[in-house]
Amino acid sequence: MNKNIAVLGAAFGDEGKGHIAHAFSPDFDYLVRYNGGGNAGHTLYRNGKKFVHHLLPSIDFRNKETKGFLGSGMVIDLEQLLNELIAAEKDYTGVSNRIYVDPDAFVVLAEHKEEDKARNGDLGTTNKGIGPAYASKISRRGTRVKDFLKKGSLITSVLTEMGVNFVHAMEMKDKFASGKILFEGAQGVMLDINHGTYPYVSSSDCTVAGIAASGFNSMMPSKVYGVAKAYSTRVGTGPFPTELQDPEASDLRMRGKEYGSTTGRPRRIGWLDLPALKYAIEKSGITSLVITKLDILNGMEKVPVCFRYEKYPVCGDDFSEAKIKLLDVKGWDNAKNYSQIKEFIHTVEYWTETKVSLISCGTDKTDILGL
Ligand code: IMP
Ligand code: MG
């Protein structure tokens, strides 16, 4: 069994997977992004300062060893990558050297972003050109990073001068095989193009299928951590069975600072949805769970949790008409005190039939606790 792991979103994105991948990253040689693009917003804290990575993997740059790989399953806005690297270089000189980009990845062009804005309709996309870029790819009209390299474009030349490496995953296979890889998902299973709440989804493979699609079939992770918050959020439109209305929603939104890290939009808020989580686990190959933001619920006497739907969901459509059933679990004052959150954790494990192996109760690495 290899030592590779995956950290992916088990809900509608924004579960805190970046925080978890960031904490794990010093123990890994490579952090590999395998899906999505600049629509992602991974919020990370280093020495109390907030950083948001969009295209860059959630590497803790304080560690000088970990390298980042942008896989062929991604769609990359090269200007956004340049801007992100310039910002990162200010705090951590030389990070560009540690970034590898697969030339087979597709490029998000200006026209894709324009089309996204013009055709967004009622989907509420991030306007980062993701859907149109994947549409070009699938309809065989796409432009790959290697096309930019071949024509000696200014942007790829500047990235190369900065130190960025353009290398196929296959050329890295010996390095990958002798090291440890953390595959970092973007978005979440409920936004997966095949298994999410279509058409209210993103346009990529958010499950482990995306890892395989990026060409890592011989290095698939032996452990897959599915990350979910202790409550639910969703940005953009689409089914959200446990959604709350104000004032409960606005109260939790404020406490959890639930505003989109890419678009700044207020996130919709709901209770934890265990049938959706079980569905995500089964669809995506998750082997254990990480529950984040338990501290946001500190002080609640009872914590409502959706434990079942009238009809067990078997496909993405089943979330639009779901009739949910809630139960109240004993609340807690201090999420770091296991005896206080035990009932909640057991409830999650019972209804999902999956072990919760880690919890997170804050933004620092020390706030992540093993169970
Ligand atoms: P797109 O990925 O920009 O096409 O947006 C499609 C849907 O996915 C919209 O509802 C977005 O709000 C949502 N979405 C895309 N990326 C993220 C993310 O990283 N976190 C949360 N929601 C996302
Ligand atoms: Mg996010």
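One structure accompanies this document, and this report is about it. (Residues numbered from 1 in each chain as written. Chains lettered and ligands numbered in written order. Predicted model: local features only at pLDDT ≥ 70, side-chain atom pairs only at ≥ 80, totals over all residues. Heavy atoms only, no water.)

Further remarks concern the sheet that holds strand E1 (residues 5-9). The sheet built from ten strands is open, its strands ordered E9-E7-E5-E2-E10-E1-E11-E14-E17-E18 with mixed pairing. Only two strands of the sheet have a single partner each, and these edge strands are strand E9 (165-166) and strand E18 (368-370). Bridge count between E1 and strand E10 (residues 181-184): three bridges; the pairing is parallel. Following the sheet pairing, Val-7 is matched in E10 by Glu-184. Helix H1 (residues 17-24) contacts E1, strand E2 (30-33), E10, strand E11 (223-229), strand E14 (288-292), strand E17 (356-360) and E18 of the sheet and is inclined by roughly 160° relative to E1. (Pairing = 2+ DSSP bridges. Helix = DSSP H or I, 4+ residues; strand = E, 2+ residues; numbered from the N terminus. Contact = heavy atoms within 4.5 Å. Axes fitted to C-alpha atoms, helices over the stretch in contact; angles between N-to-C directions.)

Taken together, 16 residues lie around ligand 1, and Asp-14, Asn-39, Thr-126, Ser-202 and Arg-265 are the ones closest in. Separating a nitrogen atom of ligand 1 from a side-chain N or O atom of Asp-14 is a distance of 3.2 Å. Here an oxygen atom of ligand 1 sits 2.6 Å away from a polar atom, N or O, in the side chain of Thr-126. Protein burial of ligand 1: of its 470 Å² of free accessible surface, 97% is covered by the chains. Residue composition of the shell around ligand 1, grouped by class: six nonpolar, eight polar and two charged. (Near = heavy atom within 4 Å. Polar contact = N/O pair within 3.5 Å; in protein donor to acceptor, adjacent residues only side chain to side chain. Areas by Shrake-Rupley, 256 points an atom, 1.4 Å probe, with all protein chains shown as cover. Nonpolar A, V, L, I, M, F, W, Y, C, P; charged D, E, K, R; others polar.)

A separate point is the packing of aromatic side chains. Any two aromatic rings considered together are summarised by their centre-to-centre distance and by the angle between their planes. Enumeration over the complete set of coordinates arrives at 14 aromatic pairs. Grouped by ring-pair contacts, the aromatic residues Tyr-30, Phe-69, Phe-176, Phe-183 and Phe-216 constitute a single cluster. The cationic tip of Lys-151 hangs over the ring face of Phe-148; the distance from NZ or CZ to the ring centre is 4.3 Å. (Phe/Tyr/Trp six-rings, centres within 6.5 Å; stacked < 30°, edge-to-face > 60°. Lys NZ or Arg CZ within 6 Å of the ring centre and 35° of its normal.)

In this structure, Phe-176, Phe-216, Ile-291, Leu-294, Phe-344 and Val-348 are the most contacted members of the largest nonpolar core, which totals 52 residues. If we skip the residues at most four places from it in the chain, Val-348 touches Leu-272, Leu-274, Leu-277, Leu-289, Ile-291, Glu-353 and Val-356. If you look at the next biggest cluster of nonpolar residues, it comprises 40 residues, including Ile-5, Ala-23, Ile-59 and Leu-182. (Core = buried A, V, L, I, M, F, W, Y, C linked by side-chain atoms within 4.5 Å. Buried < 20%, exposed > 50% of the residue type's maximum accessible area, 1.4 Å probe, protein only.)

For the rest of this paragraph, the subject is empty space enclosed by the protein. Applying the stated criterion to the full structure yields one cavity of 30 Å³ or more. The volume enclosed by the largest cavity comes to roughly 150 Å³. Contributions of two or more residues to the lining of the largest cavity are made by E11, strand E12 (231-234), strand E13 (268-273) and helix H10 (274-284). Broken down by element, the lining of the largest cavity gets its largest block of residues, three residues, from E12. For the lining of the largest cavity, the per-class residue count stands at ten nonpolar, four polar and three charged. (1 Å grid on protein atoms, 1.4 Å probe; cavity = no way out; pocket = protein on both sides within 12 Å on 5 of 7 lines; lining within 4 Å. Points joined across faces, edges and corners; volume = space filled by probe spheres on them.)

This next bit is on unusual backbone geometry. Across the junction of Tyr-198 and Pro-199, the peptide omega takes the value 5°, indicating a cis bond. Considering the arrangement of structural elements, one finds Pro-199 in the loop between E10 and helix H8 (209-213). With an omega of 5°, the peptide bond between Asp-246 and Pro-247 qualifies as cis. Note that Pro-247 resides in the loop between E12 and helix H9 (248-255). Positive phi outside glycine occurs at Asn-127, with the angle close to 65°. If you trace the backbone, Asn-127 turns up in the loop between helix H3 (110-119) and helix H4 (130-138).

Bringing the coordination of the magnesium ion (ligand 2) into the picture now. Coordination sphere of the magnesium ion (ligand 2), protein contribution only: Asp-14 (OD) and Gly-41 (O), at 2.1 to 2.4 Å. Of this pair, Asp-14 sits in the loop between E1 and H1 while Gly-41 sits in the loop between E2 and strand E3 (42-46), placing them 27 residues apart in sequence. (Donors = N, O, S within 2.8 Å, 3.2 Å for Na, K, Ca; no water.)

On to the packing of H3 against H4. Each pair of packed helices can be summarised by the angle the axes make with each other and by the distance between the axes. The contact between H3 and H4 brings their axes to 7 Å, and the two run at 120°. With respect to each other, H3 and H4 are oriented oblique. Pair H3 / H4 crosses with right-handed handedness. Across from His-112, Glu-115 and Asp-116 in H3, the residues of H4 making contact are Ile-130, Pro-132, Ala-133 and Ser-136. Across the contact of H3 with H4, the residue classes break down as three nonpolar, two polar and two charged. (Parallel < 35°, antiparallel > 145°, perpendicular 65-115°, else oblique. Left-handed = near helix turned anticlockwise from the far one by under 90°.)

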